[in-house]
Amino acid sequence: MGHLAILATCSLNQWALDFEGNAERIIESIRISKKAGASLRVGPELEVTGYGCLDHFLEGDTYLHSWEMLVKIISHDDCQDILLDIGMPVGHKNVRYNCRIIAYNKKILLIRPKLYLANDGNYREMRYFTGWGRVKYVEEYYLPRMVVEVTGQRKVPFGDAAISTLDTCIAAETCEELFTPNSPHIGMSLDGIEIMTNSSGSHHELRKLNTRIELMTEATKKCGGIYLYANQQGCDGDRLYYDGSAIIGVNGRIVAQGSQFSLKDVEVVTATVDLEEVRSYRFAPSRGQQAVQNTPYPRIEADMSISAEGSTVDLSIQPTKAIDVRFHTAEEEIALGPACWLWDYLRRCGGVSGYFLPLSGGIDSCATATIVHSMCRLVVEACEAGSEQVIKDARRITGEPEGSTWVPKTPQELAGRIFHTCFMGTKNSSKETRQRAKELAEAIGAYHVDLNMDTIVTSVRDLFAFVTGKKPVFQVHGGSKTENLALQNIQARLRMVLAYLFAQLLPWVRGKQGGLLVLGSANVDECLRGYLTKYDCSSADINPIGGISKTDLKLFIAYARDKFEIPILHDFLTAVPTAELEPITKEYVQSDEADMGFTYDELSVFGRLRKNDKLGPWGAFNKLLHEWGDHMSPRQIATKTRNFFFYYAINRHKQTVLTPSYHAEQYSPDDNRFDLRPFLYPAFSWPYKKIEETVAALAAREKKDLFI
């Protein structure tokens, strides 16, 4: 009796600096938790402010407003009689910390600062915060006056401690601490702490959920205990999408999992856990030997119980059974993650009535269009499920009048109102690409425009000829490489100009208010190689595929063809990727892979070697000698390596103006947030010399072996 407890964790779609909205979503999550009978509610990292405040974490206003919102939350009538774990930034002794606020019935029990900060990849926490670093150490924190008025407390414990209730013990980890080698949950479990929480702001990357689940499962499989994982969800104002998937685990088993991709602003996950199961699981002599040597945590006493006891025990309640964790395939993740990100961006961008996409008939813009279609499908599904917030947003974006009862019935109906596509053809465009673009737009319900821009291209070329007295021609007509590249770039850059013109005026043409956000369609491999024109139609407001490889995009299109029942997608899969910026002749048809000198699969390999494995030309060449040596000669590998780093270096400047893209891949070349590298490179002379010496040595050895 008295050992079963209902616990709640959640995913919240918070928005950076939306203090009132964030507070309301926190309060709503507490309401839902209490309605489910939960005695503990855990929320995401920095949920009061939103995780993506970035340099706003340096502003005093952010900390002031956080305390104001916390007062609103802990004094709210619906937020009583439940233990709360809330995330916000806190300044202590003129130092900024990323903290958890543990509160109960208008009292703050503990302020727990994050010990180990995330400071790689997309994260710059050390720019804003200081890691506490003082494990199992607590000192006093003097509360702001506005908080004192509500809590009646002058000071509270600040530091790394545990909460001791009448029936168990609870302690908090924060995000990165789960990923560190010596995670706090190890010492917590050895000190008898039975419930461990982790509040995260963990962004989506393809296949990343597997890593999270493995770490959470391992945390309690070896140590025993109950693990509650909360996460941010949605686009909170930056390139990242936080993919939710709140988790509750017990002794190495997952007993509850929230959705990974959802249009819900608040999602609460609950489970009934048995505290005695933890105590039984930990009853091993070897663990006991380590436990007695473990330095204890300071304990803050809380006069409350997590579990019910005595006559209040509900005998019909049973512990929640273990479940099979849901993992999406990479193609499903592409269909769902960027789609949710696009919806959040659209609904939170004031004065905007939809999206505009230059639809070329190639697989990249096809993928972007299909992701928008997926977004429309998710919106319609949410409307059918009765989501008041999604219905409200859909009506506002589409310009429905006050009091309207309109609800989109199909994805095509919604797309017809908010999605606009345009094929911008020239005499270099094929009938096939034009037709594919038209059929895809019809299939997904987009408002489609088909135009030829030859007169504009000709006008620009004639202007140049008039001013300089020299008229550039394509290489197939006898021109130089310089002329050929310039004539291709004219077309590409004019498409960007036309895209923004049509994005501003198409709603006006249709009698609607607001402009359109322009979508880009450059994939991560082309960005990495620099195979795009600076300020061409890849320059846009946002790009949902800028962090996704061509290989994964093909998998996604094949998936969408069948899942969404869009047969025309098959034609995009089988078409040869081409920019169609040069004249087509009997002898020559422009091919992206031929132009680049790499297959897209090879580019993905180089991208991961450069970024994920942190290898320069010499290191990449050495590794590829072993990985590609079965089908390429050392000379071929050397040539591929030199060419990749040559084009990467000379085109690195293009990354400084990349369209903000959905982050999905660890080798993203996004210069502005993720991949901080120079954009002016010297020749890689020394590593190239070493590569050439190795190739020569291997060739000599092979020649010698032939004569033995």
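Residue numbers restart at each chain and count upward from 1, following the sequence in its written direction. It should be noted that, the model being predicted, local features are given only for residues of pLDDT at least 70 and side-chain atom pairs only at 80 or more, the latter also being counted only at that level, while totals for whole chains, interfaces and linings use all residues. Side-chain metrics rest on all non-hydrogen atoms present in the structure, leaving aside hydrogens and water.

### Examining the packing of helix α1 (residues 19-35) against helix α2 (residues 60-74)
(1) Moving on: Helix axes are fitted only over the stretch in contact, all axes being lines through C-alpha atoms; the angle between N-to-C directions runs from 0 to 180 degrees. Where helices and strands are cited, they refer to DSSP runs of H or I of at least four residues and of E of at least two residues respectively, numbered from the N terminus. The N-to-C vectors of α1 and α2 enclose an angle of 30°; their axes lie 10 Å apart at closest approach. Relative to α2, the crossing made by α1 is right-handed. Every residue of α2 that contacts α1 at Phe-19, Glu-20, Ala-23, Glu-24, Ile-26, Ile-27 and Ile-30 is listed here: Thr-62, His-65, Ser-66, Met-69, Lys-72 and Ile-73.
(2) Moving on: For the contact of α1 with α2, the per-class residue count stands at 7 nonpolar, 3 polar and 3 charged. Crossing handedness follows the turn of the near helix against the far one: under a right angle anticlockwise gives a left-handed crossing, and clockwise gives a right-handed one. The contact rule is simple, with two residues in contact once any of their heavy atoms fall within 4.5 Å. Under the convention adopted here, Pro, Cys and the residues Ala, Val, Leu, Ile, Met, Phe, Trp and Tyr are nonpolar, Asp, Glu, Lys and Arg are charged, and Gly plus all remaining residues are polar.

### Quick word on the nonpolar core
(1) Moving on: By nonpolar core we mean a set of buried residues, namely Ala, Val, Leu, Ile, Met, Phe, Trp, Tyr and Cys, connected to one another through side-chain atoms within 4.5 Å. In this scheme, a residue with accessible area under 20% of its type's maximum is buried, one over 50% is exposed, and one in between is partly exposed, where area comes from a 1.4 Å probe on protein chains only. Among the nonpolar cores identified, the biggest contains 62 residues, and Leu-342, Trp-343, Tyr-355, Met-375, Phe-419 and Leu-440 are the most heavily contacted of them.
(2) Moving on: In terms of residues, this core owes the most to one element, helix α11 (residues 363-384), which gives 12 residues.
(3) Moving on: Where each domain begins and ends is defined by an automated method or by a domain database. Each of domain 1 (4-301) and domain 2 (330-451 + 506-574) accounts for three or more of the residues forming this core.
(4) Moving on: The contact partners of Leu-440, leaving out residues within four places of it in the chain, are Leu-359, Cys-366, Ala-369, Ile-566, Ile-568, Leu-569 and Phe-572.
(5) Moving on: Judged by nonpolar contacts, the second largest core, of 38 residues, contains Ala-8, Cys-10, Tyr-97 and Ile-111.

### A short note on a nonpolar patch on the surface
(1) Moving on: For patches, a residue must show more than 30% relative accessible area and have no salt bridge; joins then use 9 Å for like charges and 5 Å for nonpolar side chains, namely Val, Leu, Ile, Met, Phe, Trp and Tyr. Reported accessibility uses the Shrake-Rupley method at a 1.4 Å probe radius. Residues are deemed covered only where the shown protein chains occlude them. Put simply, a salt bridge is a Lys or Arg side-chain nitrogen that is within 4 Å of an Asp or Glu carboxyl oxygen. Taken together, the side chains of Leu-501, Leu-505, Trp-508 and Val-509 make up a nonpolar region of the molecular surface, amounting to roughly 430 Å² of accessible area.
(2) Moving on: Position of Trp-508 relative to the elements: it lies in helix α16 (residues 481-509).

### Here we look at the UniProt feature "domain: CN hydrolase" (unreviewed entry) in the protein chain
(1) Moving on: UniProt positions are given in the numbering used here, feature names are shortened, and annotations may be inferred rather than shown by experiment. Per the UniProt record, "domain: CN hydrolase" (unreviewed entry) is annotated on residues 5-275.
(2) Moving on: End C-alpha to end C-alpha, residues 5-275 measures 8 Å, and it is 26% helix and 34% strand.

### A word on the domain arrangement of the protein chain
(1) Moving on: Parsing the protein chain into structural domains produces domain 1 (4-301), domain 2 (330-451 + 506-574) and domain 3 (591-707).
(2) Moving on: For domain 1 versus domain 3, the distance between C-alpha centres works out to 42 Å.
(3) Moving on: If you look at the interface, domain 1 gives 12 residues, while domain 3 gives 12 residues.
(4) Moving on: Carbon and sulfur atoms make up 45% of the area that domain 1 and domain 3 hide from each other, which totals about 1100 Å².
(5) Moving on: Across the contact surface, domain 1 and domain 3 share 0 salt bridges. As a working definition, buried area equals the accessible area (1.4 Å probe) given up by two parts on being put together, with both sides summed.

### Examining the pattern of salt bridges
(1) Moving on: This structure, assessed with the given rule, holds 37 salt bridges.
(2) Moving on: For Glu-45, the salt bridge goes to Lys-114, with nearest N and O atoms at 2.8 Å. Within this pair, whereas Glu-45 is found in the loop between β2 (40-42) and α2, its partner Lys-114 is found in the loop between β5 (107-113) and α3 (125-128), the two being separated by 69 residues in sequence.
(3) Moving on: Glu-45 sits in the buried class, given a relative accessible area of 0%.
(4) Moving on: For Lys-114, a relative accessible area of 1% gives the class buried.

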